[in-house]
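# Structural features, examined
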Amino acid sequence: MDRHDPDVNPANWDDDNPVEALHERLTDRYADHPDADILRDRIKSHLQTFWEAFSTVYGDSAQSAEWAIRAIDAAVSGYEDRNDELRVLDRERARNPDWFQQPDHIAYMAYVDLFAGDLDSVREKIPYLKELGVTYLHLMPLLEPRNGQSDGGYAVKDYRSVDPDLGTMEDLRKLAADLREENILLSLDFVMNHTAREHEWAQAARAGEERFEDFYLTFEDRTKPDQYEETVPEVFPDFAPGNFTYNEAMDRWVWTSFYDFQWDLDYSNPDVFVQLLRELLFVANIGTDSLRLDAVPFLWKEMGTDCRNLPEAHWILRAYRALVRIAAPGVLFKAEAIVSPEETIKYLGTGGHEGQECEIAYGAPLMAHAWHALAREDARLLSHAMAELPATPESATWLNYVRCHDDIGWGLDNGDVRAALGRDPTAERRFCADFYAGDTTDSYAEGYRFQVEEATGEARTSGTMAALTGLQRARIEGDSEDVDMAIRRGLLLHSVVYAMKGMPLLYSGIEIGQRNDFSYLADPMKADDNRWVHRPSFDWDAARKRTEDNTVEQRLFDGIAALSDARKGLTPVHAQAQERILDIGPAEIFVVERVYDGERMLAIANFSAEPQAVPLEGLTDVWTDSGLTNILDDETGIFADRRVFLAPYEYRWFQPEPRFESGEPVSTTLAVDVETDWGEEVYLTGSLDALGSFDPDDAVPMNAEDYPTWTTEIDVPNGTYFEFEWIKKRDETVTEWSPGRYGAKAGEGMTLSGLDRP
């Protein structure tokens, strides 16, 4: 519907009661709208939040009120452009506000061209995604970029066109509809901080059109840019130094936070705010369920600051969130804010603004600390950092991931490192970069340093999961044992990601163990950016091996798919579930308890290449006085020694089974390899009555028929896990105890050796 441009007379503007004054004007403005009742209810629900945010940034004058009305007009236009199917979804989601926090959600991110070639071909890959349990597909930047170098598509030339190499806008709409039919959410990038210099607004600014000159941050000389540079860090100091670029056509310096072809928008101009809203709603109405808001920490600039995470950036997001809830309340906001945990959490809405910003943010702290734990084989810093994270707002969730398209930034907090490890934080971050670049003596990794800080030696890390876990090297060298350990490492990391608060996110190719791809070196536009090493074209030939038993691809794919399947309907991993990091085991062990709606889950992960035993004594009675069901294999048992034993890099998810009782005794053969001197015999002892309750006098004798393998057979109640040790005796006198304990299971015998004694 056409609406006249708002005209608010300052003399008649009630700035003492602005929300009420605006509400009256808007009610009259949309009184004849076919959906006046819906609009009236939505505007009433969100006007207060919108005006508080908008006026904080743009003032509360009559002129600001005019811009506010223009913004709401844009929201109403977005509502009008929304098709009936999307409006039905909006209503359903409004009735179930935790719809995106359900346990079943599994996310997958991919570049369209690298994953499938084009948008039409992505539609053909939907069955593959469903095999993995995917319910949320994030397609990396696909709107029309500038020609040539485009920062991986983040230099947008036109928000309303698709990259012609990938298809058309109609192809994208068809894909969105197909995904919706299969109950898969679609997430698309929306670049908020900047446009390509080829965007029509930037072109108009270069041509001297005054309105669009005010869309960008430009300066007539270097005076102010030099002042800003004193406090504003560089994003890419290696290959895009500085924050300003001289434009000859304008004879002005343009703010370019990222690359010289990406011009930062000036959000102090309300015209920019309104026009970006129109573009955002256009993308939402394609059928997008989630908008990844790119570079949101950079939205506001202020002299004397680092121009990151400023309060105005949050007010702008709150204003947008309120407006999109008027137009398209079923669309989620996802913050691309890879900053400190204290800053990241603010983008989810805190300090009385819960539910007013983004619903989703990236769990980068979990990712970085998990990789640190793997390198050190020490989970103490991971446990400490996760326990110290600010509380997640109930209305929000995280996207937790092992790898993504970006580098790994080693955001290990100085205080956390000192408190958990007693080490120098700079040295610890440098160790991570060194280890994953393969530059420590015990490293199995083949990653690369990215953006090295010369002063400290710190760096970020590039590389695929396969390269960083040692899988790449092991496969090249043909070492089956190393391949096995590397697969275990990759699945261990995913088990933690899947267990923690949030939605697990898989990066395309990780599920089949794709290796580093060096083809980018032949492309001059990519060669200087080694992050392209972990952005390979998807290997569909390798993916077909996922159905072949014991291939790397089958083991990884099925292991990840099993985690996806385990989350289905698993109440304790709801995003609103309580999350308690528990310090109950050795340093190598990470333990988290999730509790929601009366149900519990205990996830245990061994970050070590050695077997570990985790004592249960420090847990509540619900875990120590009942059987434990391993969710991942649906087996229930009792740990007779009240310790859960784990193989190298093993993980288990438990739920308590209070009514479980051990079954009938089953014959269990135990065998150990022990060399003896003349006259020595080997006996077994353990906590079970059948093994003498660790009393050497009641130990069970073993048979040496297959020396040096000694065997014995005992009856153990079915469903019982137990520990034992061997002893040597000569003339009924103990001459030696085994160096450690063994773990065993009724009916199966020994499953693990090398456990420490309690």
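The structure under discussion appears in the preceding block.
Keep in mind it's a predicted model, so treat the numbers as computed, not measured. (Residues numbered from 1 in each chain as written. Predicted model: local features only at pLDDT ≥ 70, side-chain atom pairs only at ≥ 80, totals over all residues. Heavy atoms only, no water.)

### Brief notes about the environment of E66
- For E66, the position within the fold is in helix α3 (residues 62-80).
- Leave out the neighbours within four places in its chain, and E66 touches P6, D7 and V8. (Helix = DSSP H or I, 4+ residues; strand = E, 2+ residues; numbered from the N terminus. Contact = heavy atoms within 4.5 Å.)

### Some thoughts on the sheet that holds strand β17 (residues 503-507)
- Taken together, the eight strands give a closed barrel; going around it, the order is β1-β2-β5-β11-β12-β13-β14-β17, and neighbouring strands pair in parallel fashion. Across this sheet, the average inter-strand angle for adjacent strands is 25 degrees, counted without regard to direction.
- Here strand β2 (residues 136-139) runs beside strand β5 (residues 185-191); their pairing, made up of four bridges, is parallel. Across the sheet, L137 pairs through a bridge with L186, a residue of β5. (Pairing = 2+ DSSP bridges. Axes fitted to C-alpha atoms, helices over the stretch in contact; angles between N-to-C directions.)

### Let's talk about helix α2 (residues 36-58)
- Look at α2: only 28 Å from first C-alpha to last across 23 residues, short of the 33 Å you get at 1.5 Å a residue.
- The principal kink in α2, of about 50 degrees, is found at H46.
- Immediately downstream of α2, the backbone of G59 shows phi near 90 degrees, a positive value. (Expected span 1.5 Å × (residues − 1). Bend = angle between axes of the 7 residues up to and from the residue.)

### With respect to the pairing of strand β30 (residues 709-717)
- Taking every second residue as pointing to the same face, the buried face of β30 carries W710, T712, I714 and V716, while none of T709, T711, E713, D715 and P717 on the other face is buried.
- Sheet analysis places strand β26 (residues 665-673) next to β30, joined by nine bridges and oriented antiparallel. Residue pairing in the sheet places L670 in a bridge with T712 of β30.
- Taken together, the two bridges between strand β29 (residues 703-706) and β30 define a ladder with antiparallel strand orientation. (Buried < 20%, exposed > 50% of the residue type's maximum accessible area, 1.4 Å probe, protein only.)

### Details of helix α17 (residues 414-421)
- Among the residues of α17, those classed as buried are D416, V417, A420 and L421. Take α17 and look down its axis: the buried residues cluster within an arc of 100 degrees, on one side only.
- Residues of α17 that are buried make contact with α15 (364-376), α16 (380-388) and α18 (425-436).
- G422 occupies a position one or two residues after α17 and carries a positive phi of about 65 degrees. (Arc of directions from axis to C-beta.)

### Quick look at the side chain of K301
- Within the fold, K301 resides in the loop between β11 (290-294) and α13 (311-327).
- Reaching out from K301, the side chain makes a polar contact with the side chain of N193 at a distance of 3.1 Å.
- A polar contact is formed between the side chain of K301 and the side chain of D264, at a distance of 2.8 Å.
- When neighbours within four sequence positions are excluded, K301 is seen to be in contact with N193, L217, W255, S257, D264, C307 and L310. (Polar contact = N/O pair within 3.5 Å; in protein donor to acceptor, adjacent residues only side chain to side chain.)

### Here we look at the pattern of salt bridges
- Taken as a whole and assessed by the stated rule, the structure comprises 57 salt bridges.
- Note that E66 and R70 form a salt bridge whose closest N and O atoms lie 4.0 Å from each other. Of this pair, E66 and R70 are both found in helix α3, four residues apart, which corresponds to roughly one turn of the helix. Each member of the pair, E66 as well as R70, is classed as buried.
- Residue K568 is joined to D565 by a salt bridge in which the shortest nitrogen-to-oxygen separation is 3.8 Å. (Salt bridge = Lys/Arg side-chain N within 4 Å of Asp/Glu carboxyl O.)

### Topic: the nonpolar core
- Counting residues in hydrophobic clusters, the biggest one holds 195 residues, and the most contacted among them are F50, Y108, Y128, Y267, F273, W371 and F607.
- Residues within four places of F273 in sequence aside, it is in contact with F50, F54, Y58, A71, I316, A319, Y320 and L323.
- Listed in part, the 21 residues of the second largest apolar core include L602, V644, Y721 and L755. (Core = buried A, V, L, I, M, F, W, Y, C linked by side-chain atoms within 4.5 Å.)

### Structural notes on the side chain of T195
- Relative to the assigned elements, T195 resides in strand β6 (residues 194-196).
- Polar side-chain contacts of T195 include one of 2.8 Å to the side chain of Y216.
- In contact with T195, not counting residues within four places along its chain, are V156, Y159, W201, Y216, F261, Q262, W263 and L265.

### Overview of the packing of α3 against α13
- Following both chains from N to C, one finds α3 and α13 inclined at 35 degrees, their axes separated by 7 Å at the closest point. Here α3 and α13 pass one another in a crossing that is right-handed. Contacts from A71, I72, A75, G78 and Y79 in α3 reach L323, I326 and A327 in α13.
- Broken down by class, the residue content of the contact of α3 with α13 amounts to seven nonpolar, one polar and no charged. (Left-handed = near helix turned anticlockwise from the far one by under 90°. Nonpolar A, V, L, I, M, F, W, Y, C, P; charged D, E, K, R; others polar.)

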